[in-house]
Amino acid sequence: MFNSHLDVDDLIRMVNLEEKRKELFANLSSGLKQRLGIAVALVNDPEVVFLDEPTSGLDPKARHDTWNAIRDLKKEGKTVFLTTHYMEEAQELADTVAIINHGKIIAKGSPEELIVKYGGTGVLVVKKVEKPFEASYAPSFQEWKPWKMETSTFPYTKKTM
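Quick notes on the rules
Residues numbered from 1 in each chain as written. Predicted model: local features only at pLDDT ≥ 70, side-chain atom pairs only at ≥ 80, totals over all residues. Heavy atoms only, no water. Helix = DSSP H or I, 4+ residues; strand = E, 2+ residues; numbered from the N terminus. Expected span 1.5 Å × (residues − 1). Buried < 20%, exposed > 50% of the residue type's maximum accessible area, 1.4 Å probe, protein only. Contact = heavy atoms within 4.5 Å. Polar contact = N/O pair within 3.5 Å; in protein donor to acceptor, adjacent residues only side chain to side chain. Salt bridge = Lys/Arg side-chain N within 4 Å of Asp/Glu carboxyl O.

Participant: What is the right way to read helix 3 (residues 60-75) from this model?
Facilitator: Helical periodicity: at 3.6 residues per turn, an α-helix aligns residues three or four positions apart in one direction. When the terminal C-alpha atoms of helix 3 are compared, their 22 Å separation across 16 residues agrees well with the 22 Å that a helix rising 1.5 Å per residue should span. For helix 3, every residue scored as buried is listed here: A62, R63, D65, T66, W67, A69, I70 and L73. Where helix 3 is buried, its residues contact helix 1 (8-14), helix 2 (30-41), strand 1 (48-52), strand 2 (79-83) and helix 4 (87-93). The backbone nitrogen of K61 has a side-chain oxygen 3.0 Å away, supplied by the residue at the start of helix 3, namely D59. Backbone geometry just downstream of helix 3 places G77 in the positive-phi region, at approximately 90 degrees.

Participant: It is not clear to me how the pattern of salt bridges should be interpreted in this structure. Could you clarify?
Facilitator: Taken as a whole and judged by the stated rule, the model has 9 salt bridges. A salt bridge links D10 to R13; its shortest N-O distance comes to 2.6 Å. Note that D10 and R13 are positioned in helix 1 at a spacing of 3 residues, about one turn of the helix. Through salt bridges that share partners, R35, K61 and D65 make up one connected network.

Participant: Even after reading the chapter, I still don't get the environment of R21, so can you show me in this structure?
Facilitator: You can see R21 is positioned in the loop between helix 1 and helix 2. When residues no more than four places from it in sequence are discounted, the contact partners of R21 are D9 and I12.

So this is what it looks like as structure tokens:
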């Protein structure tokens, strides 16, 4: 059924798990389990890889490591279908984004195109104020620190890593 497969040592190296080679799966962190899942998905050297929310619930370092593994797949010419609820993840990793609502594609384009077409230009700025504007919002908090919200606008620019 499958005519080719990748070398296990190469896969372990690819997802940076050399130091955990002899570790039981149950003892791996969530991030390491996600990276191992990517390696397992690549065993038969597919041209198309499906990854369902590979960074969900990960800490920032594990998330960044997983992003790097996905970038490496793209560099190798793999097509990666990635599902995510994190728009910044789609912006960082995707060439094309499809927004799906109730099983139907409602928008499709590059991350930049979708941001320009559907994204707002506002940013939320939170500032501490000296006096509460409505203490009744938090009656159960004795030492409640009030915050004031202001909005301002900015032109969209793509961040770089």
